[in-house]
Amino acid sequence: MKQKSFYIKTFGCQINVHDSEQIAELLIRQGLKPVKDAKRADLIIVNTCSIREKAEQKAISEAGKLLKRAKPGLIMGIGGCMAQKEGSRLLRKLNGLDFVFGTQAIGRVPDLVRRVQEGADFIVDTSLNGNAESIGILAIPGQKTSAFVSIMQGCDNYCAFCVVPYLRGREISRDMQGVLDEIRSLAGNGIREVTLLGQNVNSYGKSFGREGGFSALLRQIGQIDGIERVRFTTSHPKDLAEDIMFCFAEIENLCEHIHLPVQSGADRVLEKMNRRYTSGDYLAKVEKLREICPGICITTDIIVGFPGETEEDFEKTLELMRKIHFDGAFSFKYSDRPGTAAEKLEGKISDSVKGRRLKVLQALQDMHTLERNRELEGGIQQVIVEGASKNSGSDMMGRTRTNRIVNFPAEPHLIGSTVSVRITQAYLHSLRGEMLSEREVFQCCCK
Ligand code: 5AD
Ligand code: SF4
């Protein structure tokens, strides 16, 4: 391969971030070198997201800008969900594009690059044949202490608003041995925290007929030496069975955090969304989780302005939020996605109403987030130090087991280690703290 350097721009979720890590790994294996400055790259890959219309516009505009500033002779490929959706239509939108690869073509990227170098004209590789071979590519983590591990691909749930099942294919779980081998190998390379990825990790194992597969997997990972923290994302509430909930109490390295998208608090809307649970079912699961694992951090996703959502429905969402007091929430205005069931529904909500509802909801959530963070003031948290803090040159930043950011004065040599930090001040997006002295740590452990 003649190409010397490459640059990858990633949009979207953690699954995309990990897909990009895997592409980078494959390109490095072919002798290419990653560069941080796109202008110096011989090959640029843009990994796109399609979840909302805004995400697509951002990716197209960024790809256009990268093409304008690029070196002569540059090769550019576009991948990810928008590439899967648009295929050859991208050729009309982006002059100078060389290839498009879909969500199941990651393993073939080096081959596509080679074909372009050999003179192939525009190539489109977007077949969705359920091929899961790329899922297990052992990727270089972007970070020293933590890594993503894909445990499944695709989604069979067909939530009415969501385009993912059309773009990432059927749900396929990776074999358990492959997952465990990958995590052991990461641990052997100094990784201490893994985040298991899938559109709905709670149903891990279903595609090979294993009931309770996810809790069995978590228990196995719980035995792997060197792995201090295990996280997972994302969970579908309908598949959050009790055996999974009990893992939070029983498995030491499983972090006390669950991201559990509720989407709406109104049963009428949940039904139209095809979520297959009620707000009562959701609340009962939250209560059970808190009973099994007091202090568990629960975050969520909420959509406002789903077609037909009335003021009363919206009020029900706020009501559920007031009952639960989520630790954090990502909230979105509903965005029509081509081909989905919701696209065909009547009762579309105007942008101004969606905007107003989003503002009200976010103000309420900010209050709850701050309140939850304040509950940690005065307490001690175990923090893995990740690097320098963005706020101050003399501070380091790290994360608690519940994934909250903590800034505190410390020396850079502590990067990568686990330290005990007393929380002195809570903010909306982070915590501030001070490290315990060795004597304090000793007293704290012997209490
Ligand atoms: N419009 C708005 N938000 C959406 N999400 C998924 N599809 C849409 C859409 N069409 C949100 C959901 C999901 C998160 C990843 O993105 O809340 O959980
Ligand atoms: Fe989309 Fe629903 Fe699948 Fe999540 S579970 S990826 S929201 S269809």
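See the structure printed just above.
Residues numbered from 1 in each chain as written. Chains lettered and ligands numbered in written order. Predicted model: local features only at pLDDT ≥ 70, side-chain atom pairs only at ≥ 80, totals over all residues. Heavy atoms only, no water.

## Examining the overall build of the protein
Part 1 of the reasoning: A count of helical and extended segments in the protein gives 14 helices and 19 strands.
Part 2 of the reasoning: In terms of C-alpha radius of gyration, the protein reaches 23 Å, essentially the compact-globule figure of 22 Å for 447 residues.
Part 3 of the reasoning: Considered along the principal axes of its C-alpha atoms, the protein spans approximately 70 × 55 × 45 Å.
Part 4 of the reasoning: Residue burial in the protein is summarised as follows: out of 447 residues, 54% are buried.
Part 5 of the reasoning: Pairs at least 24 apart in sequence give 72% of the contacts found in the protein among residues at least 6 apart.
Part 6 of the reasoning: Accessible surface, the protein as shown: approximately 20,000 Å² in total, 50% of it carbon and sulfur.
Part 7 of the reasoning: For the protein, the separation between the mean place of its 62 positive charges and that of its 57 negative charges on side chains is 5 Å. (Helix = DSSP H or I, 4+ residues; strand = E, 2+ residues; numbered from the N terminus. Rg over C-alpha atoms; globule rule 2.2 N^0.38 Å. Buried < 20%, exposed > 50% of the residue type's maximum accessible area, 1.4 Å probe, protein only. Contact = heavy atoms within 4.5 Å. Areas by Shrake-Rupley, 256 points an atom, 1.4 Å probe, with all protein chains shown as cover. Lys, Arg positive; Asp, Glu negative; His and termini not counted. Charge placed at Lys NZ, Arg CZ, Asp CG, Glu CD.)

## Here we look at the pairing of strand β4 (residues 75-80)
Part 1 of the reasoning: Judged by how many residues are buried, β4 sits mostly within the fold: six of six residues are covered.
Part 2 of the reasoning: Neither face of β4 is exposed, since I75, G77 and G79 on one face and M76, I78 and G80 on the opposite face are all buried.
Part 3 of the reasoning: Inspection of the sheet shows strand β3 (residues 43-48) paired to β4 by six bridges, in the parallel sense. Of the residues in β4, the one forming a bridge with V46 is I78.
Part 4 of the reasoning: On the question of chirality, the crossover connecting β3 to the parallel β4 by way of helix α2 (residues 53-69) is right-handed.
Part 5 of the reasoning: Bridge count between β4 and strand β5 (residues 99-101): two bridges; the pairing is parallel. Note on β5: the bridge partner recorded for G77 is F99. (Pairing = 2+ DSSP bridges. Right-handed = clockwise from strand over helix to strand, strands pointing away.)

## Let's talk about the environment of Q177
Part 1 of the reasoning: Counting through the fold element by element, Q177 comes out in helix α7 (residues 176-188).
Part 2 of the reasoning: Accessibility expressed as a relative area gives 44% for Q177, which makes it partly exposed.
Part 3 of the reasoning: Taking the C-alpha atoms as reference, Q177 lies 49 Å from R356; in sequence the two are 179 residues apart.

## A short note on the site of ligand 2
Part 1 of the reasoning: Close to ligand 2 lie C155, N157, Y158, C159, F161, C162, V164, P165, Q199, H236 and R275.
Part 2 of the reasoning: When the residues that make up the shell around ligand 2 are grouped by side-chain class, the tally is seven nonpolar, three polar and one charged. (Near = heavy atom within 4 Å. Nonpolar A, V, L, I, M, F, W, Y, C, P; charged D, E, K, R; others polar.)

## Observations regarding unusual backbone geometry
Part 1 of the reasoning: The omega torsion across T233 and T234 is 0°, close enough to zero to call that bond cis.
Part 2 of the reasoning: By the element assignment, T234 lies in the loop between β11 (229-233) and α9 (242-250).
Part 3 of the reasoning: In the Ramachandran plot, H325 falls in the positive-phi region, its phi being about 50° despite a non-glycine side chain.
Part 4 of the reasoning: Mapping H325 onto the fold places it in the loop between α12 (311-324) and β14 (328-333).

## Regarding the sheet that holds β5
Part 1 of the reasoning: Ordered by their spatial adjacency, six strands build an open sheet running β2-β1-β3-β4-β5-β6, and the pairing between neighbours is parallel. If you trace the sheet from one side to the other, it starts and ends with β2 (33-34) and β6 (123-125), each paired once.
Part 2 of the reasoning: Here α2 sits on the sheet in contact with β1 (5-10), β3 and β4, set at roughly 175° to β3.
Part 3 of the reasoning: Strands in contact with helix α5 (residues 109-117) are β3, β4, β5 and β6; relative to β5, the strand with the most contacts, it is inclined by about 165°. (Axes fitted to C-alpha atoms, helices over the stretch in contact; angles between N-to-C directions.)

## Some thoughts on α9
An α-helical segment advances 3.6 residues per turn. Residues three or four places apart therefore align on the same side.
Part 1 of the reasoning: Those residues of α9 that fall on the buried side of the exposure criterion are I244, M245, C247 and F248. End-on view of α9: buried residues confined to an arc of 140°, all on one side of the axis.
Part 2 of the reasoning: Check the buried side of α9 and you find it contacts α8 (213-221), β11, β12 (257-259) and α11 (279-292). (Arc of directions from axis to C-beta.)

## Comments concerning the sheet that holds strand β16 (residues 395-399)
Part 1 of the reasoning: With respect to topology, five strands assemble into a closed barrel ordered β15-β16-β17-β19-β18, the strand pairing being mixed. Taking each pair of neighbouring strands and ignoring which way they run, the sheet shows an average axis angle of 50°.

## Some words on the packing of aromatic side chains
Part 1 of the reasoning: This model, assessed by the stated rule, comprises eight aromatic pairs.
Part 2 of the reasoning: With centroids separated by 5.4 Å and ring planes inclined at 80°, the aromatic side chains of Y158 and Y166 adopt a geometry described as edge-to-face.
Part 3 of the reasoning: Taking the relative accessible area as the measure of exposure, Y158 reaches 35% and is therefore partly exposed.
Part 4 of the reasoning: Using a relative accessible area of 38% as the deciding quantity, one classes Y166 as partly exposed.
Part 5 of the reasoning: With centroids separated by 5.8 Å and ring planes inclined at 85°, the aromatic side chains of Y204 and F208 adopt a geometry described as edge-to-face.
Part 6 of the reasoning: Given a relative accessible area of 1%, Y204 falls into the buried group.
Part 7 of the reasoning: A network of ring pairs unites the aromatic residues F214, F232 and F248 as a single cluster.
Part 8 of the reasoning: A cation over an aromatic ring shows up here: K9 above the ring of F11, its NZ or CZ 5.6 Å from the ring centre.
Part 9 of the reasoning: Geometry around F332 places R52 over its ring, the cationic atom sitting 3.7 Å from the centre. (Phe/Tyr/Trp six-rings, centres within 6.5 Å; stacked < 30°, edge-to-face > 60°. Lys NZ or Arg CZ within 6 Å of the ring centre and 35° of its normal.)

## Re the pattern of salt bridges
Part 1 of the reasoning: Taken as a whole and judged by the stated rule, the model has 33 salt bridges.
Part 2 of the reasoning: The residue K93 makes a salt bridge to E86 at a minimum N-O spacing of 3.1 Å.
Part 3 of the reasoning: Classification of K93 as partly exposed rests on a relative accessible area of 46%.
Part 4 of the reasoning: The residue D336 makes a salt bridge to K348 at a minimum N-O spacing of 3.3 Å. Pair noted here: D336 is in the loop between β14 and α13 (351-374) and K348 is in the loop between β14 and α13, with a separation of 12 residues, a long-range link.
Part 5 of the reasoning: The exposure class assigned to K348 is partly exposed, which follows from its relative accessible area of 39%.
Part 6 of the reasoning: Connected via shared salt-bridge partners are E56, K85, E86, R89, K93 and R337. (Salt bridge = Lys/Arg side-chain N within 4 Å of Asp/Glu carboxyl O.)

## Observations regarding the state of the cysteines
Part 1 of the reasoning: By the definition in use, this model includes zero disulfides.
Part 2 of the reasoning: In this model C255 remains outside any disulfide bridge; the closest cysteine sulfur is found in C293, 10 Å from its own.
Part 3 of the reasoning: For C255, a relative accessible area of 1% gives the class buried. (Disulfide = S-S within 2.5 Å.)

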